[in-house]
Structure formats: C-alpha cells, structure tokens
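Below, each chain spelled out in residue letters.
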Amino acid sequence: MSKLARAFLSSGDLIADRRASYADMLFDGGEHAAAADLMRQALEIVPEWAAGLFRLGEMEEAAGNGDAAAIVWKRLVELDVEDRFGAGLKLAASGRGDIPVTPPTAYVETLFDAYAPTFESALLEKLEYRVPGLLAAAVEDAAPGRRFASVLDLGCGTGLMGPLLRARCQHLVGIDLSEVMLQRAAEKNLYDRLAKGDVNELDVPANEADLIIAADVFVYVGALDRAFAKIATALAADGLFAFSVETHDGDDGLVLQQSLRYTHSEAYVRRLVAVHSMTPVSIDRQTIRMDRGEPLSGLIVVAKHL
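In this text the structure is predicted, and so the values were computed from the model without any measurement.

Caption draft 1: Just the packing of aromatic side chains, in detail. Using the criterion set out here, one finds 10 aromatic pairs in the structure. Taken together, a centroid distance of 5.0 Å and an interplanar angle of 90 degrees make the contact between F112 and Y220 edge-to-face. With F112 in helix α7 (residues 105-115) and Y220 in the loop between β4 (209-214) and α12 (225-234), the pair connects residues that are 108 residues apart, well separated along the chain. Classification of Y220 as buried rests on a relative accessible area of 15%. With a centroid separation of 5.6 Å and 50 degrees between ring planes, the pair formed by F218 and F228 is classed as tilted.

If you want it as structure tokens, here you go:
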C-alpha cells in the first residue's frame, strides 16, 4: 500500500476505518482480491472518501482487475478536482487515459508531504540513491575549484544537495513544493533561504544564479519547456545548470512510466538545452539508484548559459 494512501488514513467513520484497516492487512498478505472486496464494503459507508477510493484502485489493480481499477480512478478524478492522488496519472499509465504533459501540482505536493518523514532513509539506505554525489562531481569536472556567488537548489527536498553545495557557494537558496520537505531541509542549517515554489512558476530575478541544481526533480515535472525557460532567465551569463533525469531508449522524448514518474530521452534534453540558450558541457548516462532490485538509468547533465 502506498505512503500516499496511508497519509489519509481516516474516513471519519469508525466502522469504515476498521474495514479499511483489515483490507490493508489482507493486501499486505497478498490477498488482493479479498482486500478489494473489503475496501468496497468500507466505501459503501463513506462513498466519497478519496483516500479510500485511491486504495481501492490500487487493490483492484494488484488483483489484476484493470477495468475495475479504471472505474475507480475515473470516479476519483471527478471527486477530487485537484487530483491529489494522481488518479489521472494512473489512468494514463494503464493506457486508459491521455498522458498529461505535467502531473497535477497538488499530487506532487501531497506525495512529498507524505514521503518527507522517511524520504532520506528510503533513498539512501534502500534505493542506493546516487544523484547528489553524481551532480556534485559533474559540476566539479565542469568548473574545477569554482566558487559560486549564488546557487539555487530546485526541488531541494530535505536538503540532500546542501552539504555538497554549501562549501562552494556564498549564498544558497532551496525551493520545493512540499512544506514538510522544506521543514526537514531547514533542520540542516545549510541554506541561507528556503522557499515554497513550483519549478514551472519559478520567480527569481533575472541573471540571479550562477549555478542552478535540479536533482531528481524533472521526473515529477513532465514536459520541461516551461521550467527550462524560467531557469534560463534566472541563470547569469556563463552560469551552470546541473540536473538529472531518468531516461529511456527510443525516439519518444517524454514517457510516463508505471511508477508515475516521467523519463526523458537524451535527444529531448539536448533539444531543450539548445532552445533555451544553453550548451551542454557534459551529458553522462549513469545508474542513479536501484528500482525493485534493478539499476535505474538516468542522465547527469551540466549545461552552460550562453
């Protein structure tokens, strides 16, 4: 059961909650069809419980009932217009809906608010997350020994990039959609300023930053044109933009995976870098973390503003 569903445990009805809890136990034990049946009983009591519908969709999907899951996702999209649970993404990933060019902002914010308490332990201890170190090394290779006056850490999360950036910059700003993530980053006392914001709506002065970092951010952005335009405006002349993407082979520039994360092809990345007045300094394909026991491939990119 996903952490996103668990973040909204109570329906407000004790009996429904108990049935949902038993459904979770059945699900965790691998009895997916029985779990879905019990969750449907809970939803008969509270039919507009958004978290319960999301959990039912997951259970139907795991039980192999794709059509039933799609009915639930569609109902949830109608009920929750902000789509905090990403039901529209679920429909798209299952081939039963149009792929959105960008995920719902409320979904990304809700997801990371829910993940914040266990974010670092999950990434570092279980998934062997390598992106911060790879980006820091790529920046050093691109600009050996350079000290940056102003660094912008986009999608800073809990501040994993902070320790790798602090010694090389005069002023460090972190921006993230999740207020809970920002609270965790603040505890590290590494950032001069932390602010809540969306990379697609980046609001910083033109030519403000001479290094902008985006570590594992664009998998939750989708189409990158708006974000790259904002970033190019914020970069100073000769400023560096270092970022990662999950990638795929093939001609499709943008692909929504079953994980509800977007992957981007190298050709897509190169095109956007050029369109937005930057030139690639390095583009390296690397294993960026593990995913279900298998290496996950990504691109570690450093581009320079022209």
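After presenting the structure, the write-up continues.
Caption draft 2: Structural context of unusual backbone geometry. Although it is not a glycine, D83 adopts a positive phi angle of roughly 55 degrees. Overall, D83 belongs to the buried group, its relative accessible area being 9%. Of note, the phi angle at L260 is positive, near 70 degrees, even though the residue is not glycine. Residue position: L260 is located in the loop between β6 (254-256) and β7 (262-264).

Caption draft 3: Seen up close, the sheet that holds β4. In spatial order, the strands read β3-β2-β1-β4-β5-β9-β8; together these seven strands make up an open sheet with mixed pairing. Of all strands in the sheet, those with a lone pairing partner are β3 (193-196) and β8 (278-291), marking the two edges. Neighbour to neighbour, the strand axes of the sheet diverge by 15 degrees on average, direction disregarded. Across four bridges, strand β1 (residues 148-154) lies against β4 in parallel orientation.

Caption draft 4: The pairing of β8, seen in detail. Across 12 bridges, the pairing between β8 and strand β9 (residues 294-305) is antiparallel. From the neighbouring strand, S282 faces β9, where its bridge partner is V302. A loop of two residues connects β8 with β9, the two strands running antiparallel in sequence, and R292 in this loop sits at a positive phi of about 55 degrees.

Caption draft 5: Highlighting the nonpolar core. Counting 45 residues, the largest nonpolar core has F112, L135, F148, V151, L165, L211 and I213 as the members making the most contacts within it. Counting residues in hydrophobic clusters, the runner-up holds 33 residues, among them V173, V204, A227 and F241.

Caption draft 6: A look at the packing of helix α4 (residues 50-62) against helix α5 (residues 66-79). Running from N to C, α4 and α5 point in directions that differ by 160 degrees, and their axes come no closer than 8 Å. The orientation of α4 relative to α5 falls into the category roughly antiparallel. Along this stretch, α4 crosses α5, giving a crossing that reads as left-handed. For the pair α4 and α5, the contacting residues are A50, L53, F54, L56, G57, E58, E60 and E61 in the first and A68, A69, V72, W73, R75, L76 and L79 in the second. A class-by-class count of the residues in the contact of α4 with α5 yields 10 nonpolar, one polar and four charged.

Thresholds applied
Residues numbered from 1 in each chain as written. Predicted model: local features only at pLDDT ≥ 70, side-chain atom pairs only at ≥ 80, totals over all residues. Heavy atoms only, no water. Phe/Tyr/Trp six-rings, centres within 6.5 Å; stacked < 30°, edge-to-face > 60°. Helix = DSSP H or I, 4+ residues; strand = E, 2+ residues; numbered from the N terminus. Buried < 20%, exposed > 50% of the residue type's maximum accessible area, 1.4 Å probe, protein only. Pairing = 2+ DSSP bridges. Axes fitted to C-alpha atoms, helices over the stretch in contact; angles between N-to-C directions. Core = buried A, V, L, I, M, F, W, Y, C linked by side-chain atoms within 4.5 Å. Parallel < 35°, antiparallel > 145°, perpendicular 65-115°, else oblique. Left-handed = near helix turned anticlockwise from the far one by under 90°. Contact = heavy atoms within 4.5 Å. Nonpolar A, V, L, I, M, F, W, Y, C, P; charged D, E, K, R; others polar.

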